[in-house]
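The lines below spell out each chain.
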Amino acid sequence: MKTENLEALLIDRGVGELAPATAELLDEYLASNPAAAAKARELSDMLGLAGEAMRLSCSCELQPFPREAITHERREMRWRGQISQALKLAACVALGLSIGLFSMSPRNVGSIATVSSPRQYIQTISAMPEKKAESASGFWSLARFEARKKVATPIDSTGRYQLRLELPLSLQKLEEKL
Amino acid sequence: MKQLETLYREAGPALLAYFQRRPALNAVAEDLLQDTFVRAFKQLERLKTSASPRAYLFGIARHVGFDALRKNHRDEEFDEQAIITEERSNPRLELMRRAIAALPSAQREALELKLQHELTYEEIAGVLDIPIGTVRSRLHHAMLALREELNSSQPTKELYENRKS
């Protein structure tokens with residue numbers, strides 16, 4: 001066996017970290033090898049001496065258990081937890097409010113793509129700066145929109161065709177009568 | 001809380017000794033012990049679920065010690081005077097103490113946890129936050145260094161003995 005391996009095994013055994021089966025094998029080896037046995041004795045003596053040198057020599061008079069400090073710490077921990085919860089809640093509320101305000105803000109002025117009604121479209125268009133003359137007759141021109149509006153048949157309730165909102169159920173009944 | 005109190009009774013003396021053996025922390029050892037348990041309370045769940053609560057407490061104590069040293073801007077130095085004033089009857093023992101003190105702090109720490117506080121390799125690995133193999137190699141190197149130191153100091157020892165006689 002190599003000296004380094006032997007020493008490592010002897011130290012492990014000396015500090016009680018060697019598996020019993022390995023310790024048995026090591027004992028057998030030491031019994032058949034006097035030089036290794038001498039080394040084992042030397043290391044064992046040294047471990048004993050080191051243990052003795054590091055022996056506890058303190059005035060181990062324990063003070064009472066720090067119950068008060070721990071109670072204080074517990075209280076602080078609870079406070080810290082509550083404050084952290086409150087901060088999280090406040091952050092959520094602030095986030096919600098900012099999202100709400102952002103979505104309600106009149107940021108769509110000037111945008112044609114997002115207008116929802118013709119009236120709003122006209123307002124938007126009129127609020128926009130004048131474009132070039134050639135675009136006045138273009139596809140998206142105001143003049144074209146106005147012309148289209150005039151041509152379109154207005155839908156009213158006094159005309160020949162009247163829109164009636166009926167339930168699908170009653171409509172079915174009507175069809176049956178016909 | 002009761003569990004912590006039991007641990008205080010069981011591991012308290014060893015932890016107190018752990019602080020008292022460090023010259024830079026000796027004066028505040030009791031305060032540091034209390035700090036250790038207050039900190040342990042903060043991590044009570046981890047303490048409960050740890051494989052070895054005693055080793056876990058040593059880990060906390062180690063950090064508490066580091067914090068105290070950092071706070072006082074002090075390095076962990078070896079107090080030779082403390083050893084000289086201790087028993088002088090056995091020169092070999094005195095030599096060994098000097099040799100231990102001369103070890104690199106990482107090796108000395110591992111040796112101390114093993115021989116003084118009787119923690120297992122696994123527990124020491126947990127305390128020092130290093131692999132078990134590293135604990136083993138540190139201990140082995142420490143032991144070999146001690147042997148070398150003792151063997152090289154043999155003439156000094158003989159001189160000491162002759163002077164004494």
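Residues numbered from 1 in each chain as written. Chains lettered and ligands numbered in written order. Predicted model: local features only at pLDDT ≥ 70, side-chain atom pairs only at ≥ 80, totals over all residues. Heavy atoms only, no water.

(A) Local environment of the overall build of chain B. In terms of helices and strands, chain B carries ten helices and zero strands. Reading chain B from its N terminus to its C terminus gives the helix and strand order α-α-α-α-α-α-α-α-α-α. Looking at the 165 residues of chain B, the share that counts as buried comes to 48%. Counting contacts in chain B only where the partners sit at least 6 residues apart, residues at least 24 apart contribute 59% of the total. (Helix = DSSP H or I, 4+ residues; strand = E, 2+ residues; numbered from the N terminus. Buried < 20%, exposed > 50% of the residue type's maximum accessible area, 1.4 Å probe, protein only. Contact = heavy atoms within 4.5 Å.)

(B) Layout of the interface of chain B and chain A. Opposite the 43 residues of chain B that make contact, chain A presents 36 residues. Interface of chain B and chain A: buried area, both sides summed, is about 3800 Å²; carbon and sulfur atoms make up 67% of it. There are four salt bridges connecting chain B and chain A. For B:Lys114, the salt bridge identified is with A:Glu17, shortest N-O distance 2.8 Å. Taken together, chain B and chain A are joined by eight residue pairs in polar contact (both at pLDDT 80 or more). Top element by residues in the side of chain B that touches chain A is helix 1 (residues 2–20) of chain B. It accounts for nine residues. Broken down by class, the residue content of the side of chain B that touches chain A amounts to 21 nonpolar, eight polar and 14 charged. (Buried area = accessible area lost by both parts, 1.4 Å probe. Salt bridge = Lys/Arg side-chain N within 4 Å of Asp/Glu carboxyl O. Polar contact = N/O pair within 3.5 Å; in protein donor to acceptor, adjacent residues only side chain to side chain. Nonpolar A, V, L, I, M, F, W, Y, C, P; charged D, E, K, R; others polar.)

(C) Structural detail: helix 7 (residues 105–116) of chain B. Where burial is concerned, most of helix 7 of chain B is hidden: ten out of the twelve residues are buried. Where helix 7 of chain B is concerned, the buried positions are B:Gln107, B:Arg108, B:Glu109, B:Ala110, B:Leu111, B:Glu112, B:Leu113, B:Lys114, B:Leu115 and B:Gln116. Those residues of helix 7 of chain B that are buried are in contact with helix 3 (34–53) of chain A together with helix 1, helix 4 (53–71), helix 6 (91–102), helix 8 (121–128) and helix 9 (132–152) of chain B. Just downstream of helix 7 of chain B, B:Glu118 is the residue with a positive phi angle, here 55 degrees.

(D) The arrangement of the confidence of the model for chain B in detail. All names here are of chain B. Across chain B, the average pLDDT comes to 80, with 82% of residues at 70 or higher. Long-range and interchain partners of residues 79–85, a stretch whose pLDDT sits below 50, account for six contacts in this model, where long-range means more than four residues apart. At the level of chain-chain contacts, confidence expressed as ipTM amounts to 0.71, with global pTM at 0.59. (pLDDT = per-residue confidence, 0-100.)

(E) The arrangement of unusual backbone geometry in detail. All names here are of chain B. Even without being a glycine, Glu118 presents a positive backbone phi close to 55 degrees. Mapped onto the secondary structure, Glu118 falls in the loop between helix 7 and helix 8. Even without being a glycine, Asp129 presents a positive backbone phi close to 60 degrees. Relative to the assigned elements, Asp129 resides in the loop between helix 8 and helix 9. Residue classification places Asp129 among the exposed positions, given a relative accessible area of 68%.

(F) Structural view of the packing of helix 5 (residues 118–127) of chain A against helix 6 (residues 142–151) of chain A. All names here are of chain A. Interhelical geometry of helix 5 versus helix 6 gives an angle of 155 degrees and a closest axis separation of 11 Å. In this view, helix 5 runs roughly antiparallel relative to helix 6, as classed from their interaxial angle. For the pair helix 5 and helix 6, the crossing hand works out as left-handed. Within the contact between the two elements, helix 5 uses Pro118, Tyr121, Ile122 and Ile125 and helix 6 uses Leu142, Phe145, Glu146 and Lys149. (Axes fitted to C-alpha atoms, helices over the stretch in contact; angles between N-to-C directions. Parallel < 35°, antiparallel > 145°, perpendicular 65-115°, else oblique. Left-handed = near helix turned anticlockwise from the far one by under 90°.)

(G) A look at the nonpolar core. Core analysis: the largest hydrophobic core is formed by 72 residues, its most contacted members being B:Leu4, B:Phe37, B:Met96, B:Leu111 and B:Leu146. Residues within four places of B:Met96 in sequence aside, it is in contact with A:Met46, A:Leu49, A:Ala50, A:Ala53, B:Leu146 and B:Leu150. (Core = buried A, V, L, I, M, F, W, Y, C linked by side-chain atoms within 4.5 Å.)

(H) Fine view of the pattern of salt bridges. By the definition in use, this model includes 13 salt bridges over all chains. Across the salt bridge formed by A:Arg80 and A:Glu76, the nearest N and O atoms sit 2.9 Å from each other. Within this pair, A:Arg80 and its partner A:Glu76 are both found in helix 4 (residues 67–104), separated by four residues, close to a single helical turn. Using a relative accessible area of 34% as the deciding quantity, one classes A:Glu76 as partly exposed. Where B:Arg22 meets B:Glu112, a salt bridge forms, and the shortest distance between an N and an O atom there is 3.2 Å. Of the two residues, B:Arg22 sits in the loop between helix 1 and helix 2 (29–42) while B:Glu112 sits in helix 7, which places them 90 residues apart along the sequence. By relative accessible area, B:Glu112 is classed as buried at 6%.

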